[in-house]
Amino acid sequence: MISSTLTRRGVVAGMAALGLARPAWPGTPVGLQLSWLHSVQFAGSYIAQDRGWWRESDLDVRLMQGGPNAPVEPPVVAGTALVGISAADYTASAVAQGADFRIIGVAMQKNPFVIASLPANPVRSPADLAGKRIGMAIANTPVLRALCSLNAVDFDAIRIVPTQYSAQPLIAGEVDCLLCWETDLPVAMAVNGVECLTMLMADHGYAVHSQTYIATRDSLSARRKELLALMQGEIRGWNDYRADTDAAARLTLRMFPDAGLDEETQKLQAARQVPLMFSDLTEAQGFGAWDEASVSANIETLAHLGYKVTTDLWDRSILDEIHAR
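Here is a short report on the structure shown in this document. (Residues numbered from 1 in each chain as written. Predicted model: local features only at pLDDT ≥ 70, side-chain atom pairs only at ≥ 80, totals over all residues. Heavy atoms only, no water.)

## Topic: the pattern of salt bridges
Oppositely charged side chains are able to pair whenever their charged atoms sit close together. Scanning the entire structure with this criterion turns up 13 salt bridges. For arginine 236, the salt bridge is made with glutamate 56, and the minimal N-O distance between the two is 3.4 Å. Of this pair, arginine 236 sits in helix α10 (residues 224-243) while glutamate 56 is found in helix α3 (residues 53-56), placing the two residues 180 residues apart along the sequence. On the basis of relative accessibility, which here comes to 58%, the residue glutamate 56 falls in the exposed class. Close ionic contact of arginine 133 with aspartate 176 constitutes a salt bridge, the shortest N to O distance being 3.1 Å. Here the residue arginine 133 occupies a position in strand β6 (residues 133-136), and aspartate 176 occupies one in the loop between α7 (168-171) and β8 (177-181), the gap between them amounting to 43 residues. (Salt bridge = Lys/Arg side-chain N within 4 Å of Asp/Glu carboxyl O. Helix = DSSP H or I, 4+ residues; strand = E, 2+ residues; numbered from the N terminus. Buried < 20%, exposed > 50% of the residue type's maximum accessible area, 1.4 Å probe, protein only.)

## A short note on the packing of aromatic side chains
When we look at a pair of aromatic rings, we describe it by the centre distance and by the angle of the planes. Evaluation of the coordinates by the stated rule reveals five aromatic pairs. When the centroid spacing of 4.8 Å and the interplanar angle of 55° are considered together, the rings of tyrosine 46 and phenylalanine 256 count as tilted. Of this pair, tyrosine 46 sits in helix α2 (residues 43-50) while phenylalanine 256 sits in the loop between α11 (245-255) and α12 (263-277), and the two are 210 residues apart along the sequence. In this structure, arginine 145 packs its charged tip against the face of phenylalanine 155, placed 4.0 Å from the ring centre. (Phe/Tyr/Trp six-rings, centres within 6.5 Å; stacked < 30°, edge-to-face > 60°. Lys NZ or Arg CZ within 6 Å of the ring centre and 35° of its normal.)

## Things to note about the side chain of aspartate 89
For aspartate 89, the position within the fold is in helix α5 (residues 88-96). Although aspartate 89 is buried, it makes no salt bridge; arginine 145 carries the closest opposite charge, 14 Å away. In this view, aspartate 89 contacts Val208, Leu302, Leu305 and Tyr307; residues no more than four positions away in its chain are not counted. (Lys, Arg positive; Asp, Glu negative; His and termini not counted. Contact = heavy atoms within 4.5 Å.)

## Things to note about the state of the cysteines
As used in these notes, a disulfide is a covalent bond between sulfur atoms, one from each of two cysteines. Applying the stated rule across the entire model yields zero disulfides. Note on cysteine 180: no disulfide assigned, nearest cysteine sulfur contributed by cysteine 196 at a separation of 7.3 Å. For cysteine 180, a relative accessible area of 0% puts it in the buried group. (Disulfide = S-S within 2.5 Å.)

## Topic: unusual backbone geometry
One non-glycine residue, aspartate 58, lies in the positive phi region at around 60°. Along the chain, aspartate 58 falls in the loop between α3 and β2 (59-64). The class for aspartate 58 is partly exposed, based on a relative accessible area of 33%. A positive phi is found at alanine 152, a non-glycine position, where the angle reads about 55°. Position of alanine 152 relative to the elements: it lies in the loop between α6 (141-150) and β7 (159-162).

Below, the structure is given as C-alpha cells:
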C-alpha cells in the first residue's frame, strides 16, 4: 500500500524505478481557441502540448481549431475556451458589443498585414499606392483606408479590385499589388519561384496588435491559476519555436498529417514569423510583452478603424507574474 503522504511526483518516480507505466493524472480541462486552421502559425502551442509542459501544471489543454466558421470570441465568452487567439481590432469590436475581454499577451509584435508587389512595379511606401490597382477582400477596406489616413494618402486614388485570397491576380498582371499577410501569399509565391516585395504596414503606422491572447475579466480573477499555467506553457513553446523553426514546422506536419500542409511552405512561414513575434522589447521583457508606446499607437490606429478603446483593454498582470518568477 502506498502511503497517502507520498507526493504525486514521488509516486511517479517510484513507479518509473520499478519499470511500471506512468499513471495518467487527470488535469484541469481548458480550451485554447485558435484564430485559424491548424498550421505553423500556432506552432508554439503545439510544442507546449507535445513536450508536456501544460501537463506539468496539471492542465489538460484542448487546442480548438479556428477558421472562417469558428470565430474566436464566442467560446471565450461561453467559457468553452479559457483563452482565445485574436487581434486588437476584433477584440475592440467584441468589447463594443458588450464582451468583457482583456488582452493578456501579444504574440505578434508587428501586425502581419503587407502590401505585396512585383519588382517591376513596386510598392515600397504608402505613397506608391496612388494610381495602383490593389487586389483584396472588400472586408479589408477599413484596413486600407486606415493606412491611407495614417499616411496622408488619397484613398480615392487607389482602385480596389475584389479578389479571392490568392497570389494569381498579381502574377497574372490583373492587379498591381495585394493586401495580404506577410506569412501567406508572399510565402506561396516564394515557394513557386516568384519574387515579390512586401511593404509591412506596421512600418508605416498601422499598429494593431495581432495574434493576441484574450481572456475575460472574470477569468483573470476566478481562473487565474489556469491562466498562469497556460500562458507559461505558451511562452516556453514560442521560445523553443524561435530556437528551431524547422523543427516547429516538422512537428506541425506530424501532429496534423491530414491538414494538407506542405513542409517547405510551413518552414518558410515559420521563419518569416520570427521577426514579427520577437523584438528588442521581448528580449528585455519576455515573449508576449508590450509597452505603453505600442498601446498608444494601437489606440490611434483602432480609432481610424472606428473603434474607441482605452488602455484598460490591455492587462499585463499575468505576464508580469510569469516573468517575475
